[in-house]
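Residues per chain are reported as follows:
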Amino acid sequence: MTKFYRFCRGVCKFLFHIAYKTEVYGSENLPESGGYILASNHKSFFDPPLIGMTINKQLFFMAKEYLFNIKVLGAIIRKLGAFPVSKGNGEQAILTAIDVLNKGNILGIFPEGTRIKTDQLGRFKSGVIVIAAQTGADVIPVALRYQRRHFRRNKAIVSYGTLIKNSDLGIDMNAPRTIRNASTLIKGEIAKQLEDIKCK
């Protein structure tokens, strides 16, 4: 974790403390060493810093390409471990993600590919499965939920699910059915967690 990342992480914690009551569940499911994928639902622009400030290691994550065209913002998020993914051409982003994992780092990815405002999960893209297949990385499903509360601070909830071993994904890139099954497995685990934290 770089000094700049640690500083920004502290700033995020302070700002989130003002705006949200943050609750974290399942931290014990996070491995001590890196080289794994955090696959999360996507609700807000705040999702990457919310996840990043609740784990003790640096998080690397994909971000939409247009964000890097905003000079100051692009420079900052790049230093924080973000790398661009362009619509319709994610090959370079996947190669970067593979490199991140092969170096023993933690990759954050939003399989829906965009923010979903409803309570339902969106369609999962295959990128997370391709990356897992090519690196042998395990996957931890992550559920995020934001709650508006009258006369009290809003609540932000992060729930880390049980680690899904790469071997349990059963991926064969030559068999499309196994790719769909693996994606369904991850999506199902995130959906379960979202149901669990609805009552928190």
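Everything in this summary refers to the structure shown in the same document. Worth saying up front: this structure is predicted, and the values here are computed from it rather than measured. (Residues numbered from 1 in each chain as written. Predicted model: local features only at pLDDT ≥ 70, side-chain atom pairs only at ≥ 80, totals over all residues. Heavy atoms only, no water.)

### Considering the overall build of the protein
Across its full length, the protein carries seven helices and seven strands. Shown N-terminal to C-terminal, the secondary structure of the protein runs as helices and strands in the order α-β-β-α-β-α-β-α-β-α-β-β-α-α. On C-alpha atoms alone, the protein measures out to a radius of gyration of 16 Å, which is about the 16 Å that the 2.2 N^0.38 rule sets for 200 residues. With the C-alpha coordinates aligned to their principal axes, the bounding extent of the protein is approximately 55 × 40 × 30 Å. Among the 200 residues that make up the protein, the fraction classed as buried is 45%. In the protein, the proportion of contacts linking residues at least 24 apart, taken out of those at least 6 apart, comes to 69%. (Helix = DSSP H or I, 4+ residues; strand = E, 2+ residues; numbered from the N terminus. Rg over C-alpha atoms; globule rule 2.2 N^0.38 Å. Buried < 20%, exposed > 50% of the residue type's maximum accessible area, 1.4 Å probe, protein only. Contact = heavy atoms within 4.5 Å.)

### What about the sheet that holds strand 7 (residues 154–160)?
Pairing within the open sheet is mixed, and its seven strands lie in the order 1-7-6-2-5-3-4. In this open sheet, the two edge strands, each paired with only one partner strand, are strand 1 (20–25) and strand 4 (82–85). Going across the sheet, the axis of each strand differs from the next one's by a mean of 25°, ignoring polarity. The pairing of strand 3 (residues 59–64) with strand 5 (residues 106–109) spans three bridges and is parallel. (Pairing = 2+ DSSP bridges. Axes fitted to C-alpha atoms, helices over the stretch in contact; angles between N-to-C directions.)

### Regarding the pairing of strand 5
Successive residues of a regular strand alternate their side chains across the two faces of the sheet. Alternating positions in strand 5 separate into two faces, Ile106 and Gly108 on one and Leu107 and Ile109 on the other, with burial throughout. Inspection of the sheet shows strand 2 (residues 36–40) paired to strand 5 by four bridges, in the parallel sense. Paired with Tyr36 across the strands is Ile106, a residue of strand 5.

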